[in-house]
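Architecture and fold: a report
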Amino acid sequence: MPAAAAIKVMVVDDQASMRAMIRRALQDLGFKDVRDKAGPVEALDAVKSDRVHLIISDYNMPDMDGLQFLEAVRKDPVIGKTVFIMLTGSADKEIVQKAAALGVNNYVVKPFAPAALKEKIERVFGELT
Amino acid sequence: MKRFPIVQGEYRVVAEPGVMITTLLGSCIAVCLRDPVVRVGGMNHFLLSEPSPGSVVDEADMQRYGIHAMELLINEIMKLGGLRSRMRAQLYGGANVVAGLRGIGHANAAFARRFLETEGIAIGHADIGGRQARKVEFLPFEGKARCTLVAEPVPVAKAPAFVSGGEL
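Residue numbers run consecutively from 1 along every chain, following the written order of its sequence. For this description, chains carry letters from A and ligands carry numbers from 1, given in the order in which they are written. Thresholds applied to this predicted model are a pLDDT of at least 70 for local features of residues and 80 or more for the giving and counting of side-chain atom pairs; totals over whole chains, interfaces and linings are not thresholded and use all residues. Based on all heavy atoms of the structure, the side-chain values leave hydrogens and waters out of the count.

1. Section: helix α1 (residues 16-28) of chain A
All names here are of chain A. Under the 1.5 Å per step criterion, the end-to-end length of α1 is 18 Å for 13 residues, consistent within 8% with the ideal 18 Å. A16, S17, M18, R19, M21, I22, A25 and L26 are the residues of α1 that are buried. Strands here mean DSSP runs of E at least two residues long; helices mean DSSP runs of H or I at least four residues long; both are numbered from the N terminus. One or two steps after α1, the chain reaches G30, where phi turns positive at roughly 105 degrees. By definition here, a helix of n residues has an expected span of 1.5 Å times n minus one. Here the term buried applies to any residue with accessible area under 20% of the maximum for its type, exposed to any over 50%, and partly exposed to those in between, with areas from a 1.4 Å probe on protein chains only.

2. A look at the pattern of salt bridges
Think of a salt bridge as a Lys or Arg side-chain nitrogen and an Asp or Glu carboxyl oxygen that are within 4 Å of each other. All chains considered together, the criterion is met by 20 salt bridges over all chains. The partner of R84 of chain B in a salt bridge is D14 of chain A, and the shortest N-O contact between them spans 2.7 Å. Pair noted here: R84 of chain B is in the loop between α1 (59-79) and β6 (88-93) and D14 of chain A is in the loop between β1 (8-12) and α1, and the two residues belong to different chains. Of the two residues examined, R84 of chain B and D14 of chain A, each falls in the buried class. In this structure, R134 of chain B engages D127 of chain B in a salt bridge whose closest nitrogen and oxygen atoms are separated by 3.0 Å. What makes R134 of chain B buried here is its relative accessible area of 3%. Through salt bridges with shared partners, a single network forms among K8, D33, R35 and D50 of chain A.

3. Observations regarding the nonpolar core
Here, nonpolar core refers to any group of buried Ala, Val, Leu, Ile, Met, Phe, Trp, Tyr and Cys residues whose side-chain atoms link them within 4.5 Å. Of all hydrophobic cores here, the largest spans 46 residues; its most connected members are L26, F31, I56, L117 and I121 of chain A together with F46 of chain B. At seven residues, the largest contribution of residues to this core is made by α1 of chain B. Contact criterion: two residues are considered in contact whenever any of their non-hydrogen atoms come within 4.5 Å of each other. I121 of chain A has contacts with L26, F31, L54, I56, I85, G126 and L128 of chain A, leaving out every residue within four places of it along the chain. Counting 24 residues, the second-largest nonpolar core is a separate cluster that includes V12, M64, L67 and F84 of chain A.

In structure tokens:
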């Protein structure tokens, strides 16, 4: 059982309000090390220089979408195995299938409650303490 | 002229001239959002929450509906060429129209203002609060919005059922 406090998280979303909401939800779940970036390009640089255990990323972003971001992470020899959870809109079945093919670990449909996020994280990491 | 009425939980974005989006608001909020350079804009209509009598609704639970409604609208405008940094918003609704639900309208309006501030989106015009329902008509391409107070009571819709799921 991993302690949430030991898991480093990078949150990527172009919307500041969404980043703040996810950050609060993670902190409520016991996560201590939560970073966030507004776009995949900055996030990739950040996680390459200071690795994290979990990336939570929006799909719909202007410069690089969540699938391209996921692909870039998976192709990287150093950070390629980082756990990746994608946030999608409810109508995005095709995106979920593509994400699965690219090796996403799980996904969360918006709008989501903190409990749903917790459940998706626990399905990958095991029960959080 | 084409008219598209929207109700709570819906949004619509248009990029062509002569298209009007309309809605009828009580304590809900409608945000009219537009990028004046590409002349793309749209409107949403959301209610953070309507607690049933005796129930306690977590504020964070309420907010995710508003955040989601705003995100859908912003993303759709961006898909049609809009830039977040150029967007301007107009804010309508947030009336405290229903006895016993005092404060919901106010909370909705406060959320919308806070959201737009956080996202760095300027508010051009706001007509919020009071006790009367409003009719909003928005022509996104032309950039014209009109808000009129209406006398008749607005049917109060329930907050959207919470949906979250999806397994791989």
